[in-house]
Amino acid sequence: MRMYDIIEKKRDKQELSKEEIDFFVNGYSKGDIPDYQMSALLMAIYLNGMTPTELKDLTFSMANSAKTLDLSSIKVPGKYIVDKHSTGGVGDKVTLIVLPIVASLGVGVCKMSGRGLGFTGGTIDKLESITGYNVEIPINDAIRQVQDIGVCLIAQSSEIAIADKKIYALRDTTATIESINLIASSIMSKKLASGVDKILLEVTVGTGAFMKTIEDARELSKTMVKIGKLAGVETKAVVTSMSEPLGRNVGNALEIKEVISFLTADEETLDSDEYRDLREVVFEVAAQMIKMSGVSEDLEKNKKDIREAILSRDAYKKFIELIKAQGGHIYNVYMDWLGMSMDMPVLDEKVKYLKEIRAHQDGYIVSIDSRKIGEALVALGGGRNKKEDSIDFSVGFEFAKKVGEKVQEGDTILTVYYNDKNKFNDAYEYIADAINIDNIEEEAATALRQKPHILDIIDESNI
Ligand code: URA
């Protein structure tokens, strides 16, 4: 078999056989197929698509390209081990909030996450802004940790789905990321290899996501749910909006701070507008995970339990347990207003400069382009252009105003945290371009503020 013939066949829109797919997946994983041939094939797939049989064969071949895990020894109250994966976004800290919540309610989660690449952030980078947090623990220790405390959160192991790791890195530099077939096989191969019983996907849509339209997000969701079904692993997708950054903070250490604020919120803050978008996504994703785990079928009850887990601080205690278990440094602070002391992770957040970006006119914020904000973060040094780039965890943005909120000339819209004045100038161009203020009617602004963030839920019943 020759790689040249496989590329030619795909270029000419013919269906590849299982043997041909196994040939290039295994050959590329072992280093026998060069990047230039794999790039040509990926571009042919990007342009010509795949048949459902090719997609199934590609996903299963990538899932089997290295070790597959067996999590059956883990015994937690939830009958099924549930995994969660987001297709990526800007300010997306949902995993970091949801995992301790569901783990505190008896759901076992053994999660491998990725690093940020391009304009999307990565959970692993956010965690590494906590001093000492180890994302590379051996798989057997991670499994033991799930048994002990119900949750682990580690980087994608090189022992698992090695083909995806290599192919994803190549796609990132060859403009072949935004393909429904390639995204679906990438995500589902690593999830299937990680041995979980059920998969909850957060499929993001909008400027700050790989899927730009709801139709594409639905198609991607359906594609992944169908692959899960073929593999006998129940899969559900929650389609969420990523047209403006999620929450009020973007940047690694700043997002960890927002996670802490959310998990320690009192009733009034939790219900406030400050957390409207984040709350909606967190509650839906967590409630669905609890349902899938077998802990409780009733979504409304699950949402009440989630609320209670936050207000009682059980979810926050689980978060601290997770950070400690993976070596993160913790300090204890006394909070006057609470009359109690609390453990806090030590964050790498020593930023030199703060700059407030102010409204240049009266009106309402009508849009905040999340892709441009993601690119502004990369310009500040808080994200990567190339996968070997190092990251400045301390930089980022804190939004005082979000879409639909009223501003007067001179009001602060966001604060920029930065360390390098030249980088600030580069980032400023993206920021200025990202934010639009207009004089719209009050009702139109209210509608913008109240736009739902859960756009659809796709499972085996509606594919
Ligand atoms: N996330 C992944 O894991 N893979 C993709 O291809 C895109 C987003």
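The shown structure was predicted, so the numbers you read here are calculated from the model rather than taken from an experiment. (Residues numbered from 1 in each chain as written. Predicted model: local features only at pLDDT ≥ 70, side-chain atom pairs only at ≥ 80, totals over all residues. Heavy atoms only, no water.)

## Looking at the overall build of the protein
Operational definition: Labels follow the DSSP assignment, with helices taken as runs of H or I lasting at least four residues and strands as runs of E lasting at least two, numbered in each case from the N terminus. Atoms considered for the radius of gyration are the C-alpha atoms alone. The globule rule reads 2.2 Å times the number of residues to the power 0.38. When checking whether two residues touch, look at their non-hydrogen atoms; a contact exists if any pair is within 4.5 Å. Per-residue accessibility takes into account occlusion by the displayed protein chains alone, with areas from the Shrake-Rupley method and a 1.4 Å probe. By the counting rule applied here, Lys and Arg register as positive and Asp and Glu as negative, while His and the ends of each chain are not counted. Every charge is mapped onto a representative atom, which is NZ of Lys, CZ of Arg, CG of Asp or CD of Glu.
Tallying secondary structure elements over the protein gives 18 helices and 15 strands in all. Since a compact globule built from 463 residues should have a radius of gyration of about 23 Å, the 22 Å found for the protein is in line with a globular shape. By principal-axis analysis of the C-alpha atoms, the protein measures approximately 70 × 50 × 40 Å. Sequence separation of at least 24 residues holds for 77% of the intrachain contacts in the protein that already meet a minimum separation of 6. For the protein, the computed accessible surface area is about 18,900 Å², with 47% contributed by carbon and sulfur atoms. Charge-centre separation for the protein: the mean point of 58 positive side chains lies 3 Å from the mean point of 74 negative side chains.

## Some points on the sheet that holds strand S12 (residues 406–407)
Operational definition: Strands qualify as paired when DSSP identifies two bridges or more between them. Axes, fitted as lines to C-alpha atoms, cover a helix only where it is in contact. Angles between the N-to-C directions of the axes lie from 0 to 180 degrees.
Taken together, three strands build an open sheet; the order of strands is S12-S10-S14 and the sheet is antiparallel. Every other strand in the sheet has two partners, leaving S12 and strand S14 (435–438) as the edge strands with one partner each. Relative to S14, strand S10 (residues 363–368) runs antiparallel, the two sharing four bridges. Bridging from a neighbouring strand, Tyr364 pairs with Asp438 of S14. Seen against the sheet, helix H17 (residues 421–434) touches S10 and S14 and runs at an angle of roughly 35° to S14.

## Digging into the nonpolar core
It is characteristic of soluble globular proteins that their nonpolar side chains tend to be buried jointly. Heads up, the rule is: Throughout this description, the term nonpolar core refers to a set of buried Ala, Val, Leu, Ile, Met, Phe, Trp, Tyr and Cys residues connected via side-chain atoms within 4.5 Å. Relative accessibility thresholds used throughout: buried, under 20% of the residue-type maximum; exposed, over 50%; partly exposed, between the two (1.4 Å probe, protein chains only).
Ranked by internal contacts, the top residues of the largest apolar core, which has 89 residues, are Phe24, Phe397, Leu414 and Val416. The element that contributes the greatest number of residues to this core is helix H9 (residues 180–193), accounting for eight residues. With near-sequence residues (within four places) excluded, Phe397 lies in contact with Arg248, Asn249, Val250, Leu254, Ile373, Ala376, Leu377, Leu380, Leu414, Thr415, Val416 and Ile431. Grouped together as the second largest cluster of nonpolar side chains are 57 residues, Val151, Phe262, Ala286 and Ala315 included.

## With respect to the pattern of salt bridges
What counts is decided by this rule: Between Lys or Arg on one side and Asp or Glu on the other, a salt bridge is scored when a side-chain nitrogen of the former is within 4 Å of a carboxyl oxygen of the latter.
Under the definition given, this model contains 33 salt bridges. The partner of Asp305 in a salt bridge is Lys301, and the shortest N-O contact between them spans 2.6 Å. Of this pair, Asp305 and Lys301 both sit in helix H14 (residues 299–311), separated by four residues, roughly a single helical turn. On the basis of relative accessible area, Asp305 is assigned to the partly exposed category, the value being 26%.

## What to know about the site of the ligand
Formally: Throughout, the term near means that a residue has one or more heavy atoms lying within 4 Å of the molecule or strand in question. Any pair of nitrogen or oxygen atoms within 3.5 Å is treated as a polar contact; in protein, a donor-acceptor pairing is required on top of that, and neighbouring residues in sequence qualify only through side-chain atoms on both sides.
Looking at the ligand, the residues that line it are His85, Thr87, Tyr168, Arg171, Ile183, Ser186, Ile187, Lys190 and Phe210. Arg171 places a polar side-chain atom, nitrogen or oxygen, 2.9 Å from an oxygen atom of the ligand. Here Lys190 contributes a side-chain N or O atom positioned 2.6 Å from an oxygen atom of the ligand. Computed on the free molecule, the ligand has an accessible area of 240 Å², of which 93% lies beneath the protein chains in the complex.

## Let's talk about the side chain of Glu258
Here Glu258 lies in helix H11 (residues 252–263). Non-local contacts of Glu258, meaning those with residues more than four positions away in its chain, are made with Lys93, Gly247, Arg248, Asn249, Tyr275 and Leu278.

## Focus: the domain arrangement of the protein
Test applied: The source of the domain bounds is an automatic or database domain assignment. When two components associate, each loses some accessible surface as probed by a 1.4 Å sphere; the sum of these losses over both components is called the buried area.
In terms of domains, the protein is made up of domain 1 (3–49), domain 2 (72–159 + 176–332 + 453–462) and domain 3 (353–449). Distance between the C-alpha centres of domain 2 and domain 3: 25 Å. Taken together, the contact between domain 2 and domain 3 spans 28 residues of the former and 28 residues of the latter. The three residues of domain 2 that bury the most area against domain 3 are Phe119, Glu244 and Arg248, which together make up 28% of that side's buried surface. Across the pair Asp277 and Lys402 runs a salt bridge, and its minimum N-O distance is 2.5 Å. The interface formed by domain 2 and domain 3 contains 16 residue pairs in polar contact (both at pLDDT 80 or more). Where the side of domain 2 that touches domain 3 is concerned, the elements lending two or more residues are helix H6 (123–128), strand S6 (249–250), H11 and helix H13 (276–293). Per element, the largest residue contribution to the side of domain 2 that touches domain 3 is three residues, and it comes from H11.

## Considerations on the sheet that holds strand S1 (residues 82–86)
Within the open sheet, the four strands sit side by side as S1-S4-S5-S15. Their pairing is mixed. At either margin of the open sheet sits one strand with a lone partner, and together these are S1 and strand S15 (454–458). The mean angle between the axes of side-by-side strands here comes to 15°, regardless of whether they run parallel or antiparallel. Where H13 meets the sheet, its contacts fall on S1, strand S4 (198–205), strand S5 (234–241) and S15, and the angle it forms with S4 comes to roughly 160°.

## Some words on the packing of aromatic side chains
Basically, it comes down to this: Only Phe, Tyr and Trp rings are paired, with Trp represented by its six-membered ring, and only when their centres lie within 6.5 Å; those with planes under 30 degrees apart are stacked, over 60 edge-to-face, the remainder tilted. Charge-over-ring contacts are defined here by two conditions on Lys NZ or Arg CZ: a distance within 6 Å of the ring centre and an angle within 35 degrees of the ring normal.
Taken as a whole and judged by the stated rule, the model has six aromatic pairs. Sitting over the face of the ring of Tyr168, Lys190 holds its NZ or CZ atom 5.7 Å from the ring centroid. If you follow Lys198 out to its NZ or CZ, it ends over the ring of Tyr80, 4.1 Å from the centre.

## Some thoughts on helix H2 (residues 18–30)
Convention followed: A helix is expected to reach a length of 1.5 Å times the quantity of its residues less one.
If you check H2, its first and last C-alpha atoms are 18 Å apart, about what 13 residues at 1.5 Å a residue would give, namely 18 Å. All buried positions along H2 are accounted for by Glu20, Ile21, Phe24, Val25, Gly27, Tyr28 and Ser29. If you follow the buried residues of H2, they end up packed against helix H1 (3–11), helix H3 (35–48), helix H4 (52–63) and helix H8 (162–172). Looking one or two residues beyond H2, the residue adopting positive phi is Gly31, at roughly 90°.

## Some words on the packing of H3 against H8
The following threshold applies: Between 65 and 115 degrees an angle is taken as roughly perpendicular, under 35 as roughly parallel, over 145 as roughly antiparallel, and anywhere else as oblique. Classes in brief: Ala, Val, Leu, Ile, Met, Phe, Trp, Tyr, Cys and Pro nonpolar; Asp, Glu, Lys and Arg charged; the others, Gly included, polar.
Close contact between H3 and H8 brings their axes to 10 Å; oriented N to C, the two are set at 75°. In terms of orientation, H3 lies roughly perpendicular with respect to H8. From H3, Asp35, Met38, Ser39 and Leu42 reach across to H8, where they touch Ile167, Leu170 and Arg171. Here the contact of H3 with H8 is composed, by residue class, of four nonpolar, one polar and two charged.

## Description of the side chain of His85
Assignment of secondary structure puts His85 in strand S1. Apart from residues lying up to four places away in sequence, His85 is in contact with Lys111, Ile187, Lys190, Lys191, Leu200, Leu201 and Glu202.

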